[in-house]
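Listed here are the chains, written in short residue letters.
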Amino acid sequence: MSYGLFHCCLHWAILALVWCCLGGVVPQVLPAQEATDSFSIALALPGGTYFATADNLGNVYRITASNSLEKYAPDGRLLSGYSNNRLGKATVLDVTNPLKTLAWYSEFRTVLFLDRSLTVLGELNLLQAGYPEVRTVASSRDGNLWIYDEVAFRLRKITPEGTQLYESQHLGQLFLDKINMLGMKESDNRLYASVAGMGIFVFDAFAQFQEQYLPEHPGESFEVRQDVLYYTDSTNLYAENMPLHQVQRTTLPAVAASGNRLNFAENRLLVWNPEVLYVLVK
C-alpha cells in the first residue's frame, strides 16, 4: 500500500471512530445570527408613559405620566383604568398572571394586586409585613409574590398577606460582591433575576439558587420564555438560548432610537417617549 493511500485510510478511520464516540452527532458552535424578520407598528397610543408591558393575551398595560394605570386590548381599545396617588408613584407593573396584576409603589414599599379589570384585590405594605428593605418584586403565576430582602440577602416567596413560603440561601455568602437586583421575572416555574454587573441569577420554584448566567450582551430589562432570554440594547433585540449559548440578533427599527425607553414582553416590543407609546410586533 502506498504512503498516500495509507494516510487517507488512517484519516477516515479516525473520523469514523470520532463519529461512533459521539453517537453520530457532530457538535456545532454557532455564532450570533442576525434575524431576517423585522418589527411593524401594531399600535400607537398617544400620551406620556412612565412604564409599559404586555400579557400573554396580547393586552397592553402602562403607567401614564400622570400616575394612572391603563389596560388596552390588542386592537388599542382602552379596557380599564385605575388611579391611586396616596401611595406615591407607581414604578412597575407585572402581568405574569394576567388575572392578578401586580403594581409596585416603591416609594411606600407597597404592592397592589388588581384583577383583570384593574379593580383592587388587595394591598401589602412590605414595611409593615416585616421586610424593611425591598426594592425589587415580581409576580408569581400562583398568585403569590417574589421579593428580594436586601437586609437578609435572601430571595423570598411570600403570600399576598406577607407570610413567607420559601427563602433562598444567604446570597451574600455565595457572592462576595454586593448584589443589586434590577428586576425579576418568573417563567416556566423558575425565577430569573437581573443583577447589576453579575448577569442573570436563576432560582427554582422553592427559591433555591441554581445558577448564574452571563448573557453575551447584558441588558437591564429582560424576558424569558422556554429557556430563551430576550433583552435589548440601544440598537438590537437579542434572543439568547441559555442552554446552548446561541444568540439571534434582530436590529431594532428607527422608532426605537436612543432617547426612547424600551421593554420586550410576550413577543411585543414596547417603545415610549413623553408623547406616544408604540407597540411593535414581529
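Keep in mind that this is a model prediction, so the values were computed, not measured.

Basis of the calculations
- Residues numbered from 1 in each chain as written.
- Predicted model: local features only at pLDDT ≥ 70, side-chain atom pairs only at ≥ 80, totals over all residues.
- Heavy atoms only, no water.
- Helix = DSSP H or I, 4+ residues; strand = E, 2+ residues; numbered from the N terminus.
- Buried < 20%, exposed > 50% of the residue type's maximum accessible area, 1.4 Å probe, protein only.
- Contact = heavy atoms within 4.5 Å.
- Areas by Shrake-Rupley, 256 points an atom, 1.4 Å probe, with all protein chains shown as cover.
- Polar contact = N/O pair within 3.5 Å; in protein donor to acceptor, adjacent residues only side chain to side chain.
- Core = buried A, V, L, I, M, F, W, Y, C linked by side-chain atoms within 4.5 Å.
- Pairing = 2+ DSSP bridges.
- Axes fitted to C-alpha atoms, helices over the stretch in contact; angles between N-to-C directions.
- Salt bridge = Lys/Arg side-chain N within 4 Å of Asp/Glu carboxyl O.

Engineer: Is there a simple way to think about the overall build of the protein chain in this case?
Structural biologist: Broken down by element type, the protein chain carries two helices and 25 strands. Out of the 282 residues belonging to the protein chain, those deemed buried represent 48%. A sequence separation of at least 24 residues applies to 41% of the contacts in the protein chain between residues at least 6 apart. Of the accessible surface of the protein chain, which amounts to about 14100 Å², a share of 54% is contributed by carbon and sulfur atoms.

Engineer: Whenever I open this one, the side chain of S140 confuses me. Can you help?
Structural biologist: Within the element layout of this structure, S140 appears in the loop between β11 (134-139) and β12 (145-149). At 2.8 Å, the side chain of S140 forms a polar contact with the side chain of D142. Polar contacts involving the side chain of S140 include one to the side chain of E186, which spans 2.7 Å. Sequence-distant contacts of S140, defined by excluding residues within four places in its chain, comprise N97, W146, K157 and E186.

Engineer: Sorry if this is basic, but what is going on with the nonpolar core here?
Structural biologist: A general tendency of soluble globular proteins is for nonpolar side chains to be buried together. In this structure, I179, M181, M184, L191, F201 and F203 are the most contacted members of the largest nonpolar core, which totals 17 residues. Only β12, β15 (181-187), β16 (190-195) and β17 (199-203) provide two or more residues apiece to this core. Per-element tally for this core: the top contributor is β16, with three residues. Of all hydrophobic cores here, the second largest spans 14 residues; its members include F51, I63, A103 and Y105.

Engineer: Can you help me understand unusual backbone geometry in this one?
Structural biologist: Negative phi values dominate among residues other than glycine, just as trans dominates among peptide bonds. Unusually for a residue other than glycine, N67 sits at a positive phi of about 75°. Here N67 lies in the loop between β4 (60-64) and β5 (68-72). Under the relative-accessibility criterion, N67 is labelled buried at 7%. Even without being a glycine, D227 presents a positive backbone phi close to 70°. As for its position among the elements, D227 is in the loop between β19 (222-225) and β20 (228-232).

Engineer: Sorry if this is basic, but what is going on with the side chain of S80 here?
Structural biologist: By secondary structure assignment, the location of S80 is in strand β6 (residues 78-83). What makes S80 buried here is its relative accessible area of 12%. Looking at S80, its side chain comes within polar contact range of the main-chain oxygen of S117, at 3.5 Å. Leave out the neighbours within four places in its chain, and S80 touches L69, E70, K71, R116, S117 and L118.

Engineer: Would you explain the sheet that holds strand β25 (residues 276-281) in this entry?
Structural biologist: Within a sheet, each strand pairs with its neighbour through backbone hydrogen bonds, oriented either parallel or antiparallel. Read from one edge of the open sheet, four strands run β2-β25-β24-β23, paired in antiparallel fashion. Taken across any chain shown, the strands that pair with only one partner, and hence form the sheet edges, are β2 (40-46) and β23 (261-265). Strand-to-strand twist of the sheet, defined as the mean angle between neighbouring strand axes without regard to direction, takes the value 20°. Taken together, the five bridges between strand β24 (residues 268-272) and β25 define a ladder with antiparallel strand orientation. When the bridges of β25 are listed, W272 appears paired with L277.

Engineer: What is the right way to look at the pattern of salt bridges in this model?
Structural biologist: It is possible for side chains of opposite charge to pair when their charged atoms get near one another. Counting across every chain of the model gives 12 salt bridges. Taking the shortest distance from any N to any O, the salt bridge between D142 and K157 comes out at 2.7 Å. Of this pair, D142 sits in the loop between β11 and β12 while K157 sits in strand β13 (residues 154-158), and the two are 15 residues apart along the sequence. Note that R156 is salt-bridged to E167, the shortest N-O span being 2.6 Å. Of this pair, R156 sits in strand β13 while E167 sits in strand β14 (residues 164-167), and the two are 11 residues apart along the sequence. Residue classification places E167 among the partly exposed positions, given a relative accessible area of 30%.

Engineer: When you look at the environment of Y148 in this model, what are you seeing that I'm missing?
Structural biologist: Within the fold, Y148 resides in strand β12. For the pair formed by Y148 and A138, sequence separation is 10 residues and the distance between their alpha carbons is 9.2 Å.

Engineer: Teacher, can you tell me more about the pairing of β19 here?
Structural biologist: Each regular strand displays side chains that alternate between the two surfaces of the sheet. As paired elements, β19 and β20 share four bridges and run antiparallel to each other. Bridge pairing in β20 links R225 to V228. Linking two consecutive strands that pair antiparallel, namely β19 and β20, is a turn of two residues; a positive phi of about 50° is found at Q226 within it.

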